[in-house]
Amino acid sequence: MNICTLMGRLVRDPDVKYTQNGKVVAHITLAIDRFSKDNNEKETDFVKCTLFGKQAEACGNYCSKGQRLLVSGSLRVTSYEDKAGVKRIDTSVLVSTMEYIEKREENAGANGKADYGFMGKEVSIGEISF
């Protein structure tokens, strides 16, 4: 069973793009803290995540750098060759559900504005057409 649930902070604002077919795709990176086994100090993992459709739009419109998110989905491991011909492995999470952990106001930037448009609402992969 391939199920992954993560909670972390956005490293940067979501990168939202549209495919040639008009589908919405958002790429985010979550900073996720964990404690190391050796010295019990906090370490951070950076996990790439991909969202589609309404979920991608909501993430692009209502999420910003530093905001905490809870995502659930499946782990994807792909391999490719870079420009130098070296084989690389890429790991990311294909997000099926996303929830906001804190109000945008709690993480508001310099303008101090908050937007509650999708606050507390969950968008599932079942609502997305491929």
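Up top is the structure.
Given the structure is predicted, the values throughout are model-derived calculations rather than measurements.

> Got a minute to help me understand the environment of Gly-8 in this structure?
Looking at the secondary structure, you find Gly-8 in strand β1 (residues 4-10). Residue Gly-8 is classed as buried on the basis of its relative accessible area of 6%. Sequence spacing of Gly-8 and Thr-44 is 36 residues, and the spatial spacing of their C-alpha atoms is 9.6 Å. If near-sequence neighbours (up to four positions away) are discounted, Gly-8 is found in contact with Leu-30, Ala-31, Ile-32, Gln-67, Arg-68 and Leu-69.

> What's the story with the pairing of strand β3 (residues 24-35) in this structure? I'm lost.
Along any regular strand, the residues point their side chains to alternate faces of the sheet. Here two bridges tie β1 to β3, and the two strands are oriented antiparallel to one another. Across the sheet, Arg-9 pairs through a bridge with Ala-31, a residue of β3. In this structure, strand β2 (residues 15-18) lies alongside β3, joined through four bridges in antiparallel fashion. Within β3, the residue paired with Tyr-18 across the bridge is Val-24. Between β2 and β3, which pair antiparallel one after the other, the connecting turn spans five residues, and Gly-22 there sits at a positive phi close to 85 degrees. Between β3 and strand β4 (residues 42-52), which pair antiparallel in sequence order, lie six residues; one of them, Asn-40, sits at a positive phi of approximately 55 degrees.

> I'm lost on the side chain of Ser-92 in this one. Help?
Mapped onto the secondary structure, Ser-92 falls in strand β6 (residues 87-100). Overall, Ser-92 belongs to the buried group, its relative accessible area being 13%. Filtering out sequence-adjacent residues up to four positions away, Ser-92 remains in contact with Lys-48, Ser-74, Leu-75 and Arg-76.

> Is there a simple way to explain the nonpolar core in this structure?
As a rule of thumb, soluble globular proteins bury nonpolar side chains together. Counting residues in hydrophobic clusters, the biggest one holds 22 residues, and the most contacted among them are Ile-28, Leu-30, Cys-49, Leu-51, Leu-69 and Met-98. Mapped by element, the contributors of at least two residues to this core are β1, β3, β4, α1 (53-62), β5 (68-81) and β6. Among the elements that take part in this core, β3 stands out by supplying five residues, more than any other.

Conventions used here
- Residues numbered from 1 in each chain as written.
- Predicted model: local features only at pLDDT ≥ 70, side-chain atom pairs only at ≥ 80, totals over all residues.
- Heavy atoms only, no water.
- Helix = DSSP H or I, 4+ residues; strand = E, 2+ residues; numbered from the N terminus.
- Buried < 20%, exposed > 50% of the residue type's maximum accessible area, 1.4 Å probe, protein only.
- Contact = heavy atoms within 4.5 Å.
- Pairing = 2+ DSSP bridges.
- Core = buried A, V, L, I, M, F, W, Y, C linked by side-chain atoms within 4.5 Å.

Function cannot be inferred from these measures alone, as they are strictly geometric.
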